[in-house]
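Residues per chain are reported as follows:
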Amino acid sequence: MAFEPSPAETAAHMRISAATGRILGRLGGAARFAAVVAFTFLGLLAITFFIGRVVPIDPVLSVVGDRATNEVYEAARKAMGLDRPLVVQFFAYVWDVLTGDLGQSISTGRPVVQDLIRVFPATLEMATIGILIGVLLGVPMGVTAATRQGSFSDQIIRVLGLLGYSVPAFWLGLVGLAVFYAGLGWVAGPGRIDFFYDGMVDPVTGLYLVDSLIAGETEIFWNAVSHLLLPSFILGFFSLAYIARMTRSFMLDQLSQEYVTTARVKGVPEWKVVWRHAFYPIRIQLITVIGLSYASLLEGSVMIETVFSWPGIGNYLTTALLNADMNAVLGATLVIGAVFIFINKMSDVLYRILDPRAR
């Protein structure tokens, strides 16, 4: 007589199979996620390698100078591995990057990795404050403009958005320094901190606001805040303009939907209609907008860093370009590209958390 499982055993088997399927599905999703990140990063490496070979700058001359003899030039070229086939150079470049070797900077004489570790926190600190300003002000402004379409407040917000797209960053930075630093004295001047406080706080994270609090130096903290306010608000203004404009567009589309009209007919309070019915569906779209805006602030703050003498990655990249320091240029470009990849993938993760249909 054949063995027939009991209903309880069948149900247990089904539960185990379902749990196994979920685990394998998650492992498969993680593997696909890792594969996409790996291939994207490999493509980024290929692009940076290609840039380093097509730009009209000879890295050998940058090292030995234009008065070096042919023997010195050829010896340096061989030492740098530029006499090998391009395929071999590319795989050597990939290996060096994966092992944390981005070469030596001509400008500073230090490894590029050390320079990037030193300058990136400055950009991260300024861009993070900027995106917080952009989100905290831009989203409510966009919602207000959409719910009061055609009103005076809508026109003001749209004008601010237009200014955020059209005003040059360096001009706004210079005007800000002239008005709020030189004229009114409300904020501190260029740089991350006053020269007097330089070196008084151990760089634990590289973020002055965090490190000064860790060290218990409140005076240095407020000095860093004073230096950070103006450049962060200018970056936040550009981010605010983009976020407010996109939020307004998304909200107008949702407010015209039938379910919003139905909620209003049923007598649902207007704030619930706006924030629970209309705003709730657009949060997925806003993740992309905020993520792209944040990444743009991290890599697009070159002008602001130059105007404010901010020792961030944008300023570092500009100096490297002026000095034909290709190792520094490629290293900074690689970090910026990796930031874009990371933020994009984090946006995908948030999609799956907020929207079960994307899982």
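Check the entry above for the structure.
Draft legend 1. How the structure looks around the packing of helix α10 (residues 258-265) against helix α11 (residues 270-299). At a minimum axis distance of 10 Å, the contact between α10 and α11 shows a crossing angle of 160°. The orientation of α10 relative to α11 falls into the category roughly antiparallel. Viewed along their axes, α10 and α11 form a crossing whose handedness is right-handed. Across from Y259, V260, A263 and R264 in α10, the residues of α11 making contact are E270, V273, H277, A278 and P281. Considered class by class, the residues forming the contact of α10 with α11 number six nonpolar, one polar and two charged.

Draft legend 2. Representation of the packing of helix α5 (residues 112-147) against helix α9 (residues 218-255). At a minimum axis separation of 5 Å, α5 and α9 run at an interaxial angle of 35°. Crossing of α5 against α9: the hand is right-handed. When grouped by side-chain class, the residues that make up the contact of α5 with α9 number 22 nonpolar, nine polar and two charged.

Draft legend 3. Looking closely at a nonpolar patch on the surface. Taken together, the side chains of F170, W171, L174, V175, V179, F180, L184, W186 and M303 make up a nonpolar region of the molecular surface, amounting to roughly 880 Å² of accessible area. Top contributing element to the nonpolar patch by residue count: helix α7 (residues 169-183), with six residues. Checked against the element boundaries, F170 lands in helix α7.

Draft legend 4. Summary view of unusual backbone geometry. Here the phi dihedral of S309 falls at roughly 50°; this positive angle occurs in a residue that is not glycine. Tracing the chain through its elements places S309 in the loop between α12 (302-307) and α13 (313-322).

Draft legend 5. Region of the structure containing the side chain of R192. Following the sequence through the fold, R192 ends up in the loop between α7 and α8 (208-214). Here the side chain of R192 touches E125 through a polar contact of 2.7 Å, side chain to side chain. One polar contact links the side chain of R192 to the main-chain carbonyl oxygen of G206, over a distance of 3.1 Å. Apart from the residues lying within four places of it in its own chain, the contact partners of R192 are P121, A122, E125, G206, L207, Y208, A224, H227, W310 and P311.

Draft legend 6. Region of the structure containing the nonpolar core. Of all hydrophobic cores here, the largest spans 42 residues; its most connected members are M251, F279 and F308. Elements with a minimum of two residues in this core: α5, α9, α10, α11, α12 and α14 (326-354). With 13 residues, α9 is the single largest residue contributor to this core. With residues up to four places along the chain from it excluded, the contact list for M251 reads V143, A146, V274, A278, F279 and I282. F90, V97, L102 and L116 belong to the second largest nonpolar core, which has 23 residues in total.

Draft legend 7. Inspection of helix α4 (residues 86-98) at higher detail. With 13 residues, α4 should reach 18 Å at 1.5 Å per residue; the first-to-last C-alpha distance of 18 Å fits that figure. When we look at burial in α4, the residues that qualify are Q89, F90, Y93, V94 and V97. With its buried residues spanning 135° around the axis, α4 presents them on a single face. When the buried face of α4 is taken as reference, the exposed residues oriented beyond 90 degrees from it are V87, F91, W95 and L98.

Draft legend 8. Looking closely at α7. A rise of 1.5 Å per residue sets the reference length of α7, with its 15 residues, at 21 Å; its end C-alpha atoms lie 20 Å apart and thus fit the reference within 8%. At L177, α7 shows its largest bend, some 25°. Of the residues making up α7, those classed as buried are G173, G176 and L177. Buried residues belonging to α7 abut α9 and α12.

Draft legend 9. The arrangement of the environment of L45 in detail. Secondary-structure assignment places L45 in helix α1 (residues 7-54). Separated by 289 residues in the primary sequence, L45 and L334 have C-alpha atoms spaced 7.2 Å apart. Not counting chain neighbours up to four residues away, the residues in contact with L45 comprise F90, Y93, V94, V97 and L334.

Draft legend 10. Spatial organisation of the pattern of salt bridges. Considering all chains together, one arrives at four salt bridges under this definition. A salt bridge links D115 to R110, with the nearest nitrogen and oxygen atoms 3.0 Å apart. On the basis of relative accessible area, R110 is assigned to the partly exposed category, the value being 34%. Across the pair R192 and E125 runs a salt bridge, and its minimum N-O distance is 2.7 Å.

Criteria and thresholds
- Residues numbered from 1 in each chain as written.
- Predicted model: local features only at pLDDT ≥ 70, side-chain atom pairs only at ≥ 80, totals over all residues.
- Heavy atoms only, no water.
- Axes fitted to C-alpha atoms, helices over the stretch in contact; angles between N-to-C directions.
- Helix = DSSP H or I, 4+ residues; strand = E, 2+ residues; numbered from the N terminus.
- Parallel < 35°, antiparallel > 145°, perpendicular 65-115°, else oblique.
- Left-handed = near helix turned anticlockwise from the far one by under 90°.
- Contact = heavy atoms within 4.5 Å.
- Nonpolar A, V, L, I, M, F, W, Y, C, P; charged D, E, K, R; others polar.
- Patch = residues over 30% accessible without salt bridge, like charges linked within 9 Å, V, L, I, M, F, W, Y side chains within 5 Å.
- Areas by Shrake-Rupley, 256 points an atom, 1.4 Å probe, with all protein chains shown as cover.
- Salt bridge = Lys/Arg side-chain N within 4 Å of Asp/Glu carboxyl O.
- Polar contact = N/O pair within 3.5 Å; in protein donor to acceptor, adjacent residues only side chain to side chain.
- Core = buried A, V, L, I, M, F, W, Y, C linked by side-chain atoms within 4.5 Å.
- Buried < 20%, exposed > 50% of the residue type's maximum accessible area, 1.4 Å probe, protein only.
- Expected span 1.5 Å × (residues − 1).
- Arc of directions from axis to C-beta.
- Bend = angle between axes of the 7 residues up to and from the residue.

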